[in-house]
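What follows is each chain in one-letter form.
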Amino acid sequence: MEDILKKIVDNKRREVDAMMPHGLPAATLPFHRSKRSMSMALAGSPTGIIAEFKRRSPSKGDIHKEAMIQDVIPAYTEAGASACSILTDTPYFGGALTDLAAARQLTDLPILRKDFIVSEFQIQEAAIYGADAILLIAAVLTREEVARLSRYAHEYGLEVLLELHSADELEHVGCDIDMVGINNRNLADFHTDPTLSLKLSKSLPDNIIKVAESGITSMDEVSRLRDAGFSGFLIGERFMMHDDPGKALLEFLNSKNI
């Protein structure tokens, strides 16, 4: 099977190379605004849900093609999400930086810019468009690149969620990381293994905020993950596949007492 991750990242590097000569856009939001701490929000939240907004995925195609930020983000906030994740990749996920900027105007929750970040340029974009945190993916970056980009993100007041997919990537976890996410989805073929988070969590430092990503379909799974030391639970397709993602989140949370 074709390596989907390599295809996406190669395209992302071409996008960044094409954008950099044009410079950054004019800030649409106060650049020096106070940032919201996603790690603190997760640590202190009764739900820990990072509710994701995305319209499509490489493996499933369109999920909610016509979804609008102004409908979904306020509903996520009202339903009880602890943070929001906004996909900003256009070709493969149907997102855009303008979605991020719009979301920032609609909620006081911390917002994660979820994309395939390979350059400081993208971190500057994230800060300008209203993110509070960025995602770095260990599978596409060296340990040195993770450390460099993390330090750069902190200079802009952004926290870092480092995403892991295997035990081989544990060496990427350094002192500059604010949160570690374990993605149950293999980004080479997009197969989901819901037990991966539980397996890898035992090798993570006790004092770091842990986030389980992908393939979480029930509150029973959230409870097991919380018992294993996880504070955050990133869920997207489970909600976005419904006509009303906010209602889907509320029903999910009400399915069992946390």
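Everything in this summary refers to the structure shown in the same document. (Residues numbered from 1 in each chain as written. Predicted model: local features only at pLDDT ≥ 70, side-chain atom pairs only at ≥ 80, totals over all residues. Heavy atoms only, no water.)

1. As for the pairing of strand β5 (residues 111-114)
- Across the two faces of β5 the burial is the same, with Ile111 and Arg113 and Leu112 and Lys114 all buried.
- Here four bridges tie strand β4 (residues 83-87) to β5, and the two strands are oriented parallel to one another. Note on β5: the bridge partner recorded for Ile86 is Arg113.
- Tracing the backbone out of β4, into helix α4 (residues 97-104) and back to the parallel element β5 gives a crossover that is right-handed.
- Inspection of the sheet shows β5 paired to strand β6 (residues 133-137) by two bridges, in the parallel sense. What sits directly across from Arg113, in β6, is Ile134.
- Of the crossover connections in this fold, the one passing from β5 over helix α5 (residues 120-129) to the parallel β6 is right-handed. (Buried < 20%, exposed > 50% of the residue type's maximum accessible area, 1.4 Å probe, protein only. Helix = DSSP H or I, 4+ residues; strand = E, 2+ residues; numbered from the N terminus. Pairing = 2+ DSSP bridges. Right-handed = clockwise from strand over helix to strand, strands pointing away.)

2. Some details on the nonpolar core
- Counting residues in each nonpolar core, the largest one holds 85 residues, and the members touching the most others are Ile49, Tyr76, Ile134, Leu136 and Leu249.
- Here this core gets six residues from one element, more than from any other, and that element is α5. (Core = buried A, V, L, I, M, F, W, Y, C linked by side-chain atoms within 4.5 Å.)

3. Side note on the packing of helix α3 (residues 69-79) against helix α10 (residues 245-254)
- One way to put it is that α3 packs onto α10 with a least axis distance of 8 Å and a crossing angle of 20°. It follows that α3 is roughly parallel to α10 by the angle criterion. Viewed along their axes, α3 and α10 form a crossing whose handedness is right-handed. From α3, Val72, Ala75, Tyr76 and Ala79 reach across to α10, where they touch Pro245, Gly246, Leu249, Leu250 and Leu253.
- Partitioning the contact of α3 with α10 into residue classes produces eight nonpolar, one polar and no charged. (Axes fitted to C-alpha atoms, helices over the stretch in contact; angles between N-to-C directions. Parallel < 35°, antiparallel > 145°, perpendicular 65-115°, else oblique. Left-handed = near helix turned anticlockwise from the far one by under 90°. Contact = heavy atoms within 4.5 Å. Nonpolar A, V, L, I, M, F, W, Y, C, P; charged D, E, K, R; others polar.)

4. Description of a negative patch on the surface
- Together, Asp71, Asp243, Asp244 and Glu251 make up a negatively charged patch on the protein surface.
- With relative accessibility at 78%, the residue Asp243 sits in the exposed group. (Patch = residues over 30% accessible without salt bridge, like charges linked within 9 Å, V, L, I, M, F, W, Y side chains within 5 Å. Areas by Shrake-Rupley, 256 points an atom, 1.4 Å probe, with all protein chains shown as cover. Salt bridge = Lys/Arg side-chain N within 4 Å of Asp/Glu carboxyl O. Lys, Arg positive; Asp, Glu negative; His and termini not counted. Charge placed at Lys NZ, Arg CZ, Asp CG, Glu CD.)

5. Some remarks on the side chain of Asn183
- Within the secondary structure, Asn183 sits in strand β8 (residues 179-183).
- A polar atom in the side chain of Asn183 sits 3.2 Å from the side chain of Glu163.
- Excluding residues that lie within four positions of it along the chain, Asn183 makes contacts with Glu163, Leu164, His165, Leu196, Glu213 and Ser214. (Polar contact = N/O pair within 3.5 Å; in protein donor to acceptor, adjacent residues only side chain to side chain.)

6. What to know about the sheet that holds strand β1 (residues 49-53)
- Pairing in this closed barrel of eight strands is parallel, and the strands run β1-β4-β5-β6-β7-β8-β9-β10 around the ring. Averaged over all neighbouring strand pairs, the angle between strand axes comes to 25°, with direction disregarded.
- As paired strands, β8 and strand β9 (residues 209-213) are joined by five bridges and run parallel to one another. Across the sheet, the residue bridging to Val180 is Lys210, located in β9.
- Helix α6 (residues 143-155) rests against β6 and β7 (159-164) of the sheet, and its axis sits at about 155° to β7.

7. A short note on the environment of Gln122
- Along the chain, Gln122 falls in helix α5.
- Since its relative accessible area comes to 1%, Gln122 is described here as buried.
- Sequence separation between Gln122 and Met20 is 102 residues; the distance between their C-alpha atoms is 9.5 Å.
- A distance of 3.1 Å separates a polar atom in the side chain of Gln122 from the backbone oxygen of Phe116.

8. As for the pattern of salt bridges
- Applying the stated rule across the entire model yields 16 salt bridges.
- Between Asp62 and Arg56 there is a salt bridge, with the nearest N and O atoms lying 2.8 Å from each other.
- Of the residues examined, Arg56 reaches a relative accessible area of 26% and is grouped as partly exposed.
- Across the pair Asp115 and Arg113 runs a salt bridge whose closest N-O atoms are separated by 3.3 Å. Per residue, the accessibility class of Asp115 equals that of Arg113, and both read buried.
- Residues participating in the shared-partner salt-bridge network are Lys12, Glu15, Asp89, Arg113, Asp115 and Glu125.

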